[in-house]
Amino acid sequence: MGALANQLPIGLSIAAVLLLIALGLTFTFGQMGVINMAHGEFIMAGAYTAYLLQGFTSQSFLIALPVAFVVAGLMGLLLEWSLIRRFYGRPLDTLLLTWGVSLVLQQLARDIFGAPNVQVTAPGWLVGGVDLLGVRLPYNRMFIIVLAVLCVVGVWVYLTKLPQGRRMRAVVQNRELAGYSGIATGRVDRFTFLLGSGLAGVAGVALTLVGPVGPSLGTFYIVDAFLVVVAGGLGQLRGAVLAALALGFLNGYLEFWTDASLAKVLVFVAIIAFLQVRPQGMFVLKGRTLV
Amino acid sequence: MLSVSEVDAAYGRARVLFGVGLEVPAGSLVCVMGRNGVGKTTLLKTVMGTLTPTAGRITLDGQDITRMPTHQRVRAGMAYVPQGHVSFPQLTVWENLQVTLEATAHRDPSAVDEALDVFPALKEFFKRPAGFLSGGQRQQLAIARALITRPRLLLLDEPTEGIQPSVIDEIENAIERLHREAGLTVLLVEQYLDFALRLADSFVVMDAGEVVHAGAVEELHNEEVRRMLAV
Ligand SMILES: Nc1ncnc2c1ncn2[C@@H]1O[C@H](COP(=O)(O)OP(=O)(O)OP(=O)(O)O)[C@@H](O)[C@H]1O
Ligand SMILES: [Mg+2]
């Protein structure tokens with residue numbers, strides 16, 4: 001029983017990371033219809049940012065969070081501006097294109113940082129944990145959970161309260177009408193890429209707390225993140241949150257009972273079964289929405 | 001003010017407009033008429049930049065806007081109320097207005113008040129998602145959104161089509177006031193002859209993607225012209 005309860009923070013933290021990654025995917029899909037296969041490499045970029053910054057100051061890890069957001073965000077913006085926007089309305093082409101970009105970025109990381117994994121040393125205050133009612137709560141896992149909650153709240157405030165977020169929702173709901181309302185839709189698209197990629201970068205920093213950093217870091221998470229997007233209903237914050245929770249727990253517990261690869265297979269089966277029942281994902285809304 | 005000359009436009013490979021020409025002098029109200037599917041909406045969308053003409057030229061006050069992005073046309077003083085009373089369905093009425101105001105160059109909040117003076121009923125629904133409004137209310141919202149941009153040229157695509165009769169009068173009167181009293185230049189797509197007769201200075205009749213007749217509004221009494229409009 002105790003061991004089972006101890007999986008709780010692990011499952012939650014997996015869910016938290018998946019959610020941070022899935023948000024960007026679900027936004028770019030909901031708004032532009034783009035499936036970005038290179039999204040995983042923004043996670044990697046965030047993780048390497050933490051690696052590069054470590055040791056500079058005592059608070060390098062905390063500083064790495066916003067820096068990774070900017071680094072990964074700018075990479076996403078650059079990708080959108082230089083390539084993806086020329087392929088809007090051609091989903092298969094973007095799929096292949098971004099897949100190619102993903103491979104190139106992984107090779108680039110191998111050239112710069114070397115093929116072997118590197119390690120980011122967690123700051124002292126994130127080492128260890130606390131026991132609460134017999135449940136072990138590791139500080140690093142708790143930090144990831146809090147970080148994700150803050151990011152989701154931030155995204156929610158952005159979407160519902162700020163002018164930029166309002167513009168984003170307008171473009172998602174009716175792109176043509178957004179143009180007639182004077183909104184520069186191309187600029188909004190670029191900003192969505194910045195936001196989504198930036199969050200993936202933050203997820204990358206978080207991942208350095210629980211594992212090594214390597215050129216293929218992104219590929220480990222990207223498939224699960226896509227599953228979250230599909231199961232959650234495309235282009236939605238609420239659905240993504242619930243799907244990430246479900247998937248995170250499923251992953252965490254199944255891994256505990258069986259092993260990692262069998263767990264993946266079982267999760268896959270569970271999602272396919274779920275989509276048989278609800279092909280539209282968790283929520284169905286009339287028209288598209290983000291919140 | 002607006003001048004369209006020899007414009008061809010297409011959806012992908014399906015050509016819809018063939019050498020369309022049109023003049024909208026400043027201060028006038030020009031009515032585009034024609035049967036269903038002849039290309040009236042396509043013409044307005046091309047004027048707004050949703051479709052790029054494959055040939056021809058569009059100018060606004062002498063400035064070539066043929067390839068200008070839509071949002072810049074809005075900043076240049078053009079506003080478009082699309083056919084079918086569309087809105088951002090999951091944004092509230094207030095958000096629908098606000099998001100438009102935030103995209104204007106002037107950002108003057110009193111523009112919202114001015115628009116609401118035209119359709120005061122909208123204030124009651126401020127917190128409601130626009131998707132929950134009736135067609136007539138959504139159309140009022142759509143016109144209010146257009147007014148917030150403080151246009152010099154207003155494009156209206158069948159503004160009273162499919163709207164409950166009680167609201168039709170309200171919308172027609174609002175358009176009349178905006179044109180007569182505020183001096184707004186209007187390009188109107190309209191199938192109702194009565195409304196066109198009451199308001200228009202001149203009209204064009206389209207058929208199969210071409211302008212087949214253009215003239216002063218008095219000619220609308222002409223039998224031959226009426227035959228072109230008959231469904
Ligand atoms: N998005 C589109 N893709 C392809 N063809 C289209 C599209 N929209 C309209 N068409 C075609 O273009 C032609 C002109 O359509 P348009 O909507 O401009 O007509 P309209 O005069 O506005 O008709 P209505 O009076 O019914 O509104 C029609 O034959 C229509 O089938
Ligand atoms: Mg039409």
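Let us look at the structure shown here. (Residues numbered from 1 in each chain as written. Chains lettered and ligands numbered in written order. Predicted model: local features only at pLDDT ≥ 70, side-chain atom pairs only at ≥ 80, totals over all residues. Heavy atoms only, no water.)

## Comments concerning the coordination of the magnesium ion (ligand 2)
Residues and elements named next belong to chain B. The coordination sphere of the magnesium ion (ligand 2), as far as protein atoms go, consists of Thr-41 (OG1) and Gln-83 (OE1), spread over 1.8 to 2.1 Å. One end of the pair, Thr-41, is in helix α1 (residues 40–48); the other, Gln-83, is in the loop between β6 (78–81) and α3 (93–102), and 42 residues separate them in sequence. Overall, Gln-83 belongs to the partly exposed group, its relative accessible area being 28%. (Donors = N, O, S within 2.8 Å, 3.2 Å for Na, K, Ca; no water. Helix = DSSP H or I, 4+ residues; strand = E, 2+ residues; numbered from the N terminus. Buried < 20%, exposed > 50% of the residue type's maximum accessible area, 1.4 Å probe, protein only.)

## Overview of the sheet that holds strand β9 (residues 202–207) of chain B
In a beta sheet, neighbouring strands pair by backbone hydrogen bonds and run either parallel or antiparallel. Residues and elements named next belong to chain B. Taken in spatial order, the 6 strands of this open sheet run β6-β7-β8-β3-β9-β10, and their pairing is mixed. Edge positions in the sheet fall to β6 and β10 (210–216), since each has one partner strand and no second. Going across the sheet, the axis of each strand differs from the next one's by a mean of 15°, ignoring polarity. Examined bridge by bridge, β6 and strand β7 (residues 153–157) share 4 bridges and lie parallel to one another. From the neighbouring strand, Ala-79 faces β7, where its bridge partner is Leu-154. (Pairing = 2+ DSSP bridges. Axes fitted to C-alpha atoms, helices over the stretch in contact; angles between N-to-C directions.)

## Focus on the packing of helix α3 (residues 60–82) of chain A against helix α8 (residues 185–207) of chain A
Packed helix pairs are specified by the crossing angle of their axes together with the interaxial distance, meaning the distance between the axes. Residue and element names in this part refer to chain A. The contact between α3 and α8 brings their axes to 6 Å, and the two run at 140°. Our classification of the angle between α3 and α8 gives oblique. When the axes of α3 and α8 are compared, the crossing they make is right-handed. Only Asp-189, Arg-190, Phe-193, Leu-194, Leu-195, Ser-197, Gly-198, Leu-199, Gly-201, Val-202 and Val-205 of α8 make contact with α3, whose side of the interface consists of Phe-61, Ala-64, Leu-65, Ala-68, Phe-69, Ala-72, Gly-73, Leu-74, Gly-76, Leu-77, Glu-80 and Trp-81. The class makeup of the residues in the contact of α3 with α8 is 15 nonpolar, 5 polar and 3 charged. (Parallel < 35°, antiparallel > 145°, perpendicular 65-115°, else oblique. Left-handed = near helix turned anticlockwise from the far one by under 90°. Contact = heavy atoms within 4.5 Å. Nonpolar A, V, L, I, M, F, W, Y, C, P; charged D, E, K, R; others polar.)

## Remarks on the interface of chain A and chain B
Each partner contributes residues to the interface: chain A has 21 residues there, and chain B has 22 residues. Counting the surface lost from both chain A and chain B, the interface buries some 1,900 Å², and carbon and sulfur atoms represent 58% of this. When the area that chain A buries against chain B is broken down by residue, the three leading residues are A:Arg166, A:Leu177 and A:Tyr180, summing to 36%. Taken together, chain A and chain B are joined by 3 salt bridges. When the shortest N-O distance is used, the salt bridge between B:Glu102 and A:Arg166 registers 2.6 Å. Linking chain A to chain B there are 6 residue pairs in polar contact (both at pLDDT 80 or more). (Buried area = accessible area lost by both parts, 1.4 Å probe. Salt bridge = Lys/Arg side-chain N within 4 Å of Asp/Glu carboxyl O. Polar contact = N/O pair within 3.5 Å; in protein donor to acceptor, adjacent residues only side chain to side chain.)

## Some thoughts on the site of ligand 1
Residues and elements named next belong to chain B. Neighbouring ligand 1 are 13 residues, the closest being Gly-37, Lys-40, Thr-41, Thr-42 and Gln-83. Interatomic distance of 3.4 Å between a side-chain N/O atom of Tyr-11 and a nitrogen atom of ligand 1. Between ligand 1 and Thr-41, the relevant distance is 2.6 Å, taken from an oxygen atom to a side-chain nitrogen or oxygen of the residue. Of all the elements, α1 adds the most residues to the shell around ligand 1, at 3 residues. Its residues assigned to classes, the shell around ligand 1 comprises 3 nonpolar, 7 polar and 3 charged. (Near = heavy atom within 4 Å.)

## Let's talk about the pairing of strand β1 (residues 129–132) of chain A
Residues and elements named next belong to chain A. Direction of pairing for β1 relative to strand β2 (residues 135–138): antiparallel, over a ladder of 4 bridges. Across the sheet, the residue bridging to Asp-131 is Arg-136, located in β2. Hairpin connection of β1 to β2: 2 residues between the antiparallel strands, including Leu-133 at a positive phi of 50°.

## Brief notes about the sheet that holds strand β4 (residues 55–60) of chain B
All names here are of chain B. Reading across from one edge, β2-β1-β4-β5 is the order of the 4 strands in this open sheet, with antiparallel pairing throughout. In the strand order of this sheet, the two ends are held by β2 (14–24) and β5 (63–64), each with one partner. Bridge count for β4 against β5 is 2 bridges, and the pairing is antiparallel. Bridged to Thr-59 within β5 is Asp-64.

## A look at the pattern of salt bridges
Residues and elements named next belong to chain A. Counted by the stated rule, this structure contains 16 salt bridges over all chains. Here Glu-80 makes a salt bridge to Arg-190, at a shortest N to O gap of 3.3 Å. Here the residue Glu-80 occupies a position in helix α3, and Arg-190 occupies one in helix α8, the gap between them amounting to 110 residues. Judged by relative accessible area, which is 1%, Glu-80 ranks as buried.

Worth remembering: the numbers are spatial, not functional.
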